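Chain residues, written in single-letter form:
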Amino acid sequence: MSQPQAAVGAAVPRVDARLRVTGQAKYAADNSPDGVVHAVIVDSSVGRGRVTGIDARAAEAHAGVVKVISHLNAPKLPHREPGFPPGEALRPFQDDRVRFFGQPVAVVVATTLETAQHAASLVKVSYDARPPSTDLGAADPADDPETYARGDADRALESADVTLDLAYRMARNHHNPMEPAGTVARWDGDRLTLWEKTQHVQGTVETMAAEFGMPPDKIRVISPAVGGAFGSGGRTWVHTSIAALAAREVKRPVKLVLTRRQTYFGVGYRPAYEYDLRLGSDRRGRLTASVHDVRTESSRYERHSEDVLAAGRMLYSTPHVRQVYGHVPLDVNTPTWMRGPGYSSGAFCVETAMDELAHELGLDPIELRLRNEPSDDESSGLPFSTRRLRDCYRAGAREFGWHRRNPEPRSTRDGDWLIGMGMAAGVYDTARSEAQASVRLDADGTALVQSATSDMGPGTATSMTQVAADALGLTMRQITFRLGDSDLPLAPGHHGSRTMASVGSAVQDGCDKLRRQAITLAVQDEDSPLHGVDPADVAVRGGRLFVQDDPTRGETYRRLLARNDRSHLEALGSYAGAPESERFSFYAYAATFAEVAVDARLGLVRVRRMVGVYDAARIINPRLADSQAIGAMTGGIGQALLEHTVTDHRDGRIVNANLADYLVPTHADMPEMKAIYIEGEDFEADPIGVKGLGEIVIVGVAPAIANAVFNATGRRIRHLPITTEALL
């Protein structure tokens, strides 16, 4: 057996912290292979239409320009099978159509970045422009909505004692990670190497293999460090294909990095939503029915879906539910996942509606939620593997001081500031996927663990090292974890809170296999102090194998391998992922509490403090978990109060595509925050008992703030973000 837990559960610092803070960690654009040249994209200046002409003569005549590529001279890419990732995604320079404002219509390759930037400004593009449709509220949805129903919601609403008819609107949000999207592409004959900002190196391999009609084993994607992504690197965008195409055309490595402005058009975003919700209950607050009618923006050339309706199906016991999810095709680039995708948007609507119902009935918001706790998942009929949401409420209320909340809106003041408290529940699916991890124990007693996973900030290398250390009976300093290379063993995309459950389980399996190998070698070795011992009685701690009941009888890994003339031991760990047919319903849960102050005259909102309580099963590293929770609370402040993409519907231009006008939270916006984790494990979910934390920590933050604003002001704001104008 391995040593008792020493690393897992400890708040240890990141193993790669020194690399990151000293600038030694290599991000995509830090790579400059010999002969590298620079590419700059020329964006469309219209929102819909066709390119009628491209005059690149001035750019091509500029000293240092290597080539200008557009649909006029780009090679035709091979036919791609329908439905292969990324489906109908945009392909570079294959026709003259303009599908959205900012679409790449050409790329300039030059010897320096400054030359490429200037030359790109010299390219003249003419268009046959058409008025684009970019307004969600003014366009019609597609005629094939996604639907769900149980019971007879319409009839149940007619007979409900209390009904609410609510309309919610949520603005589009854009990712703004510190590291912009970028790619360095190099061809060596028929082999392609990409240094890429991505959350899924092997997914990028699959996409590029389909794009260029080449075997996946001819492509390598390297991404050991990701400077934030929040979902924006969860799929491969067109700039990656442009970099690879340009590198093949000019026969030199090409570096292409999007500007901050270009990221608003070049990668996806959290889509805008229109969410109409009808809620019915009896006079005691027991929900009887709900009807959810949702419209969301998507591009015309590709459909993006996310689970915005999950909370309305299973978070509360509701016998009658009807849901419609309509996609509105617009002349925009395709949305994508953004932290807490779907669930954070849906939670805003469901959780503010629950707060409204509590106020209508004169009930405490927590009490209303407790009265509607389901005994099982009513959307699937499956029992919950664990559901400690009641514990989240109790722990949060106690820590936050919920008993001090005055339920009467606009009743608590601090000088000119109106003070309010609010709370909200959150839920997120526990995703698990197939994964592998290789483990090698060298003769010097150190181990190398490898998997093609990623780290966009949560500390993947650290948490995996902790799991490996306990399983192998080594210290963390004796273990190196390598990631971010498509040549490494299989790993799923680093999104959807699936990495720890999936890759962590594969690491556990591989280390268990290797530890058992070493024990078997020892008990079968006539020269070993452990010869003849039952393997079940052998433990490992500090790199030493010993008999549990007689710790003096044992030897080190190093001595064992040296005596047997073994340079190393190795094993491949694997995890099969979630089964096709689940026996339980798997979710993580949250309860978020917020206190706000609202200037009574100016309508200015300030979040004073927040407490988040999470049922995410086993916590591998509380320090890393706190980083996730605090970051998500900050992101939730942005979603609730600041972030709002503004589009000029005349041409589809995003007018605030920069960090001066698109507001994100800064340190000044971050209040006192505390995260609490409900103790427990979920070994029904996966072999290491975790549920995933990175997504659930943002779900419920925005409605907790909105509910606090109502408690402070008496004004119910159903649009995000909550602006000063809405409160005046």
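Structure: see above.
Residues numbered from 1 in each chain as written. Predicted model: local features only at pLDDT ≥ 70, side-chain atom pairs only at ≥ 80, totals over all residues. Heavy atoms only, no water.

**Student:** An account of the pairing of strand β10 (residues 191-196) is requested, with residue identities and associated values reported.
**Tutor:** The element β10 is extensively covered by neighbouring structure, given that five of its six residues are classed as buried. Summarising the sheet, strand β9 (residues 182-188) and β10 pair through six bridges and their orientation is antiparallel. Within the sheet, the bridge partner assigned to R186 lies in β10 and is T193. In textbook terms, the turn of a hairpin is the stretch between consecutive antiparallel strands, and for β9 and β10 this stretch comprises two residues, one of which, G189, has a positive phi near 65 degrees. In this structure, β10 lies alongside strand β11 (residues 219-222), joined through four bridges in parallel fashion. Opposite L192, over in β11, you have I219 as the bridge partner. In terms of handedness, the path from β10 via helix α5 (residues 201-212) over to β11 forms a crossover that is right-handed. (Buried < 20%, exposed > 50% of the residue type's maximum accessible area, 1.4 Å probe, protein only. Helix = DSSP H or I, 4+ residues; strand = E, 2+ residues; numbered from the N terminus. Pairing = 2+ DSSP bridges. Right-handed = clockwise from strand over helix to strand, strands pointing away.)

**Student:** An account of the packing of α5 against helix α6 (residues 238-250) is requested, with residue identities and associated values reported.
**Tutor:** Their axes nearest at 11 Å, the elements α5 and α6 cross at an angle of 55 degrees. Here α5 lies oblique to α6, going by the angle between them. The two elements α5 and α6 cross, and the hand of that crossing is right-handed. Residues M208, E211 and F212 of α5 pack against T240, S241, A244, L245 and R248 of α6. (Axes fitted to C-alpha atoms, helices over the stretch in contact; angles between N-to-C directions. Parallel < 35°, antiparallel > 145°, perpendicular 65-115°, else oblique. Left-handed = near helix turned anticlockwise from the far one by under 90°. Contact = heavy atoms within 4.5 Å.)

**Student:** Please set out the sheet that holds strand β22 (residues 544-547) residue by residue, giving values where relevant.
**Tutor:** Taken in spatial order, the three strands of this open sheet run β21-β22-β23, and their pairing is antiparallel. Each edge of the open sheet is held by one strand with a lone partner, namely β21 (538-541) and β23 (550-556). Adjacent strand axes in the sheet meet at a mean angle of 35 degrees when their direction is disregarded. Two strands pair when backbone bridges link them, and β21 and β22 are joined in this way by four bridges, in the antiparallel orientation. The residue bridging A539 from the neighbouring strand is F546, located in β22.

**Student:** Let's hear about the side chain of Q202: which residues, and what values?
**Tutor:** Along the chain, Q202 turns up in helix α5. The buried category is assigned to Q202, whose relative accessible area is 13%. At a separation of 2.9 Å, a polar atom in the side chain of Q202 contacts the main-chain amide nitrogen of A491. Excluding anything up to four places from it in sequence, Q202 contacts A452, S486, L488, P489, L490 and A491. (Polar contact = N/O pair within 3.5 Å; in protein donor to acceptor, adjacent residues only side chain to side chain.)

**Student:** Go over α6, please, and point to the residues and values.
**Tutor:** Counted at 1.5 Å a residue, the expected span for α6 with its 13 residues is 18 Å, and the 18 Å between its end C-alpha atoms agrees. With respect to burial, α6 is a largely interior element, 11 of its 13 residues being buried. Among all positions in α6, only V238, H239, T240, S241, I242, A243, A244, L245, A246, A247 and V250 are buried. Positive backbone phi, approximately 60 degrees, marks K251, located one or two places after α6. (Expected span 1.5 Å × (residues − 1).)

**Student:** Tell me about the sheet that holds strand β20 (residues 479-482), and please be specific about residues and values.
**Tutor:** Read from one edge of the open sheet, four strands run β20-β19-β18-β24, paired in mixed fashion. Looking along the sheet, the strands with just one partner apiece sit at the ends: β20 and β24 (568-575). Each adjacent strand pair in this sheet contributes to an overall mean axis angle of 15 degrees, direction not counted. As judged from the eight bridges shared by strand β18 (residues 435-442) and β24, these two strands associate in the antiparallel manner.

**Student:** Before we move on, could you go through the pattern of salt bridges and cite the residues and values that matter?
**Tutor:** One pass over the full model with this rule turns up 46 salt bridges. Salt-bridge contacts for D512 lead to R515; the nearest nitrogen and oxygen are separated by 2.9 Å. In this pair, D512 and R515 are both assigned in helix α13 (residues 499-524), three residues apart and thus about one turn of the helix distant. Taken as a pair, D512 and R515 share a single burial class, namely buried. Salt bridges linked by common partners bring R220, R482, D485 and D487 together as one network. (Salt bridge = Lys/Arg side-chain N within 4 Å of Asp/Glu carboxyl O.)

**Student:** Before we move on, can you summarise the environment of I222 with the specific residues and values?
**Tutor:** Here I222 is to be found in strand β11. Accessibility expressed as a relative area gives 17% for I222, which makes it buried. Note: C-alpha distance between I222 and R583 (361 residues apart in sequence) is 37 Å. Once residues within four sequence positions are removed from consideration, I222 is found in contact with T193, L194, W195, E196, G484 and D485.

**Student:** Can you lay out the nonpolar core for me, pointing to particular residues and giving the numbers?
**Tutor:** Within the largest apolar cluster, 95 residues are counted, with the highest numbers of intra-cluster contacts made by L192, L472, V507 and L545. If you tally residues by element for this core, the top one is α13, at 12 residues. Each residue touching V507, except ones within four places of it in the same chain, is listed here: A437, V449, M464, V467, A468 and F481. Among the nonpolar cores identified, the runner-up in size contains 92 residues, and A347, A616, V699 and I722 belong to it. (Core = buried A, V, L, I, M, F, W, Y, C linked by side-chain atoms within 4.5 Å.)

**Student:** Describe the packing of aromatic side chains, and please don't skip the residues or the numbers.
**Tutor:** Centre distance and the angle of the planes are the two values used to describe a pair of aromatic rings. Inspection of the entire model under this criterion finds 11 aromatic pairs. Ring centres of F400 and F593 lie 5.6 Å apart, and the angle between their planes is 35 degrees; on these two criteria the pair is classed as tilted. Of this pair, F400 sits in helix α11 (residues 389-400) while F593 sits in strand β25 (residues 587-599), placing them 193 residues apart in sequence. Here a set of aromatic residues connected by ring pairs shows up, and it is made of F400, W402 and F593. The ring of W237 carries the charged tip of R235 above its face, separated from the ring centre by 4.5 Å. Between the NZ or CZ atom of R716 and the centre of the ring of F710, over which it lies, the distance is 3.9 Å. (Phe/Tyr/Trp six-rings, centres within 6.5 Å; stacked < 30°, edge-to-face > 60°. Lys NZ or Arg CZ within 6 Å of the ring centre and 35° of its normal.)

**Student:** How would you summarise a negative patch on the surface if you had to cite specific residues and measurements?
**Tutor:** A contiguous patch of negative charge, built from D534, D537, D549 and D550, is present on the exposed surface. Structurally, the position occupied by D549 is in the loop between β22 and β23. Judged by relative accessible area, D549 falls into the exposed class, the value being 77%. (Patch = residues over 30% accessible without salt bridge, like charges linked within 9 Å, V, L, I, M, F, W, Y side chains within 5 Å. Areas by Shrake-Rupley, 256 points an atom, 1.4 Å probe, with all protein chains shown as cover. Lys, Arg positive; Asp, Glu negative; His and termini not counted. Charge placed at Lys NZ, Arg CZ, Asp CG, Glu CD.)

**Student:** So what's going on with the environment of L389? Residues and values would help.
**Tutor:** Tracing the backbone shows L389 in helix α11. Judged by relative accessible area, L389 falls into the buried class, the value being 0%. Separated by 289 residues in the primary sequence, L389 and I678 have C-alpha atoms spaced 9.2 Å apart. Apart from residues lying up to four places away in sequence, L389 is in contact with L315, E373, A425, Y589 and A590.

**Student:** Provide a residue-level description of the pairing of β18, including the pertinent values.
**Tutor:** In terms of strand pairing, β18 meets strand β19 (residues 447-450) through four bridges, oriented antiparallel. When the sheet's bridge partners are listed, L441 is paired in β19 with A447. The antiparallel hairpin formed by β18 and β19 contains four residues in its connecting segment, where G445 sits at a positive phi of about 90 degrees.

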